[in-house]
Amino acid sequence: MIKEALYHRIDSEFSYFTSDGSVTLRLRTAKDDKIDCTLLYGERYFPGEFPPFARVPMKKKGSGLLFDYYEAIIKPGYERLFYLFEISDKTETVWYFQGDIHDSATAFRRNRYYQIPFALREEAYDVPDWAKTAVMYQIFPDSFATGKRQHSGHAEAYKAFATGKQLKEKKTQTPQGISKTLHGGTFKGITENVEWIKDLGINCVYLNPIFSAVSYHKYDTNDYKQVDPCFGSDEDFRLLVKTLHENGIRVVLDGVFNHSGIHFFAWQDILKNQEKSQYKDWYYDVSFPVKDWHSKYACFAYVKSMPKLNLAHPEAAAYFAEVGAYWIREYDIDGWRLDVANEVHKSFWRTFRTAVRKEKADALLIGEVWEDAQNWQTYDLFDSAMNYRFTYACIDFIAHQKMTSKEFGEGFVDMTMRYPQPVSDVQMNLLDSHDVERFLYFCEGNLEKQKLAVALQMTLPGMPSIFAGSERAMNGESEREYRLPFLWPGLTENEAERDAMTDWYKRLIRLRHETKALSSSDISFIATENPALLVFSRGIEKGKRVLVVLNNSNKDCQYTPQIHSPLQSMLTKKEVAVGDILQIPALSVDFFLY
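Residues numbered from 1 in each chain as written. Predicted model: local features only at pLDDT ≥ 70, side-chain atom pairs only at ≥ 80, totals over all residues. Heavy atoms only, no water.

## Focus: the pattern of salt bridges
To keep it simple, the criterion reads: Salt bridges, as used here, are contacts in which a Lys or Arg side-chain nitrogen is within 4 Å of a carboxyl oxygen on Asp or Glu. Buried, partly exposed and exposed residues are distinguished by accessible area as a fraction of the type maximum, computed with a 1.4 Å probe on protein chains only: under 20%, between the cut-offs, and over 50%, respectively. Numbered from the N terminus, helices here are DSSP runs of H or I no shorter than four residues, and strands are runs of E no shorter than two.
The full count for this structure, using the stated rule, is 38 salt bridges. For Glu13, the salt bridge identified is with Arg9, shortest N-O distance 3.1 Å. Assessed through its relative accessible area of 9%, Glu13 is described here as buried. As a salt-bridge pair, Asp362 and Arg250 come within 3.7 Å of each other at their nearest N and O atoms. Of this pair, Asp362 sits in the loop between helix H8 (346–359) and strand S21 (364–367) while Arg250 sits in strand S17 (residues 250–255), and the two are 112 residues apart along the sequence. The partly exposed category is assigned to Asp362, whose relative accessible area is 30%. Overall, Arg250 belongs to the partly exposed group, its relative accessible area being 27%. Through salt bridges that share partners, Asp254, Arg337, Asp339 and Glu368 make up one connected network.

Printed below as a string of structure tokens:
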């Protein structure tokens, strides 16, 4: 027994409870340590000197790169409990509690063990159920469409890109100042293509910023309660939300609350009234006088057109929390993706969450956190985060082929175990976005590699997120390329390849929707001797599991499933008898029921 590897932490991903009354307790151990783990627990206020211990064998949840993880889920029937862990390697038994290892469990009073003082319902994880089966579609409004299966800016944009010309943003005068567009996409363009979105299998749309702003990307907001006129009117947006909802598609907006634009009323008041402005504390580290971009004040990155808001200020926090509630109340949106979330005071996000959930109890909150986000995805903050760690793993394993299947599987286990299960179930698993290169760029244009990555997106735990255009095999290294207008059918020479990619997305999204096991929490990676062969098993589907077999090699390979029941391919419907050898072509994947 490798005792130094034992680890548990209260009030964390190792110890949490959910709204159904369940308590989940986890223990980390050394990788491949041959041990049995048992959870012991009891009632803190049991009316007697020696409260009885309930014993629950812990199940091995998975193996990461360095550690194994054990888990027990209990419904104790009382809110106050103590607990500890019994670990045995057949030759020795120890008890682990309060971070220490003991040779006895009964020599101590109950207050010496791990404690849950009171399982407050306000601290239970309550992630919206709909997010667990969501397939998200990210739309950058300027780039998507101006009409049904068309974008009027297509020809100009692609010609400019081909010749190296930099397009100039087109200006529109608004009551809040200048607003700009680059390619000209509109709300009407999205509304007229809801059929495309629905046919793809999407049930949640995430829109990049839509509020009145200067730049075409709309991350420099002028007015948080008006849509940008370059995209259309408030009624155009209202119709878009209504049409999406009528087609079973939820709507998540991009909330930019870390910073504003310089034409936002509060910043304009500061410019006018300087230190006498009632809004001077709404912004971070402002040194007076403030005249122009050469003045001293905090901002997003080093972009002086985006001064940083101080959301620890009560009045500022109240204003922007109301903005979050306003768009739900007035337009019936279903959630928020929150920009630069980890640069904003946590107290504000708690205020924001309370305001938003008061308007809609199942509103989804997604934080833009590029790193591990344990501190941001707690019961009182965000439900999900943009899972770039998944992106990087797919790049290393699929695109660059520099990670083995064993490393990918173990890394994914670590990835899911860093959060409570309800949070891991809805991690925003993306391959690309408006901020990074298209995944196809990392694949050097290899469409088969992208198809493999999509297969992982649609069959691993988490909430798949597709950046509009990836299903059309759009490529792009730079911002000006990966934000080019959407490639609607009929606009390029290699239509067959793009149509095939679109069909692949449709097929796998449909497979995910039709197979409940693929949106479950259950996953088990199966060891293989081939470093390019990834095999894992998912959930339970009407008494059967789903086996995923993925060959990431440039060469064909074989695999004999160590399963004592027949298999059936979910792609070809072909039956595979027990003991049969599977022939797995290069860069291919198949899914089997067994």
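Now that the structure has been shown, the text picks up again.
## Overview of the packing of helix H13 (residues 447–459) against helix H15 (residues 495–514)
Under the convention used in this document: Fitting a line to C-alpha atoms yields each axis, with helices limited to the stretch in contact; the angle taken between N-to-C directions then spans 0 to 180 degrees. Each angle is binned into one of four classes, with values under 35 degrees roughly parallel, values over 145 roughly antiparallel, values of 65 to 115 roughly perpendicular, and all other values oblique. Working rule for handedness: look at the near helix, and if it is turned counterclockwise from the far one by less than a right angle, call the crossing left-handed; if clockwise, right-handed. Contacts were defined at the residue level, with two residues in contact if any of their heavy atoms lie within 4.5 Å.
As a packed pair, H13 and H15 sit with axes 9 Å apart at the nearest point and diverge in direction by 15°. With respect to each other, H13 and H15 are oriented roughly parallel. Classified by chirality, the crossing of H15 by H13 is right-handed. Counting all contacts with H13, which are made through Leu447, Gln450, Lys451, Val454, Ala455, Gln457, Met458 and Thr459, the residues of H15 involved are Glu497, Ala500, Met501, Trp504, Tyr505, Leu508, Ile509 and Arg512.

## Examining empty space enclosed by the protein
The condition is simple: Here a cavity means grid points, on a 1 Å grid over the protein atoms only, where a 1.4 Å probe fits yet cannot get out; a pocket means an open set of points with protein on both sides within 12 Å along at least five of seven lines; lining residues are those with an atom within 4 Å of a point. Grid points are joined across faces, edges and corners, and a volume is the space filled by probe spheres set on the points. Lys, Arg, Asp and Glu make up the charged group, whereas Ala, Val, Leu, Ile, Met, Phe, Trp, Tyr, Cys and Pro make up the nonpolar group; the residues left over, Gly among them, are polar.
Following the criterion strictly, the structure yields five cavities of 30 Å³ or more and no others. Its boundaries defined by the atoms lining it, the largest cavity holds a volume of some 80 Å³. Lining the largest cavity are Ala157, Phe161, Lys165, Gln166, Leu167, Leu182, His183, Arg480 and Leu484. In this structure, the second largest cavity spans a volume of roughly 70 Å³. The residue inventory of the lining of the second largest cavity, partitioned by class, reads ten nonpolar, one polar and two charged.

## Description of the environment of Tyr206
Worth spelling out the cut-off: What qualifies as a polar contact is a pair of N or O atoms within 3.5 Å, subject to a donor-acceptor requirement within protein and to the restriction that residues adjacent in sequence count only when both atoms come from side chains.
Summarising the element assignment, Tyr206 is placed in strand S14 (residues 204–207). On the basis of relative accessible area, Tyr206 is assigned to the buried category, the value being 1%. Between the alpha carbons of Tyr206 and Met136 there is a distance of 6.7 Å; along the sequence they are 70 residues apart. Setting aside anything within four residues of it in sequence, one finds Tyr206 in contact with Met136, Tyr137, Gln138, Ile139, Tyr219, Val252, Asp254, Arg337, Met428 and His434. At 3.3 Å, the side chain of Tyr206 and the side chain of Asn208 are in polar contact.

## Focus on the state of the cysteines
Short version of the rule: Cysteine sulfur atoms that pair up within 2.5 Å are treated as a disulfide.
Counted by the stated rule, this structure contains zero disulfides. Lacking any disulfide linkage, Cys557 is separated from the closest cysteine sulfur, that of Cys443, by 18 Å. A residue is classified by how much of its surface remains accessible, and Cys557, at 11% relative accessible area, is buried.

Spatial relationships are all this shows, so hold off on functional conclusions.
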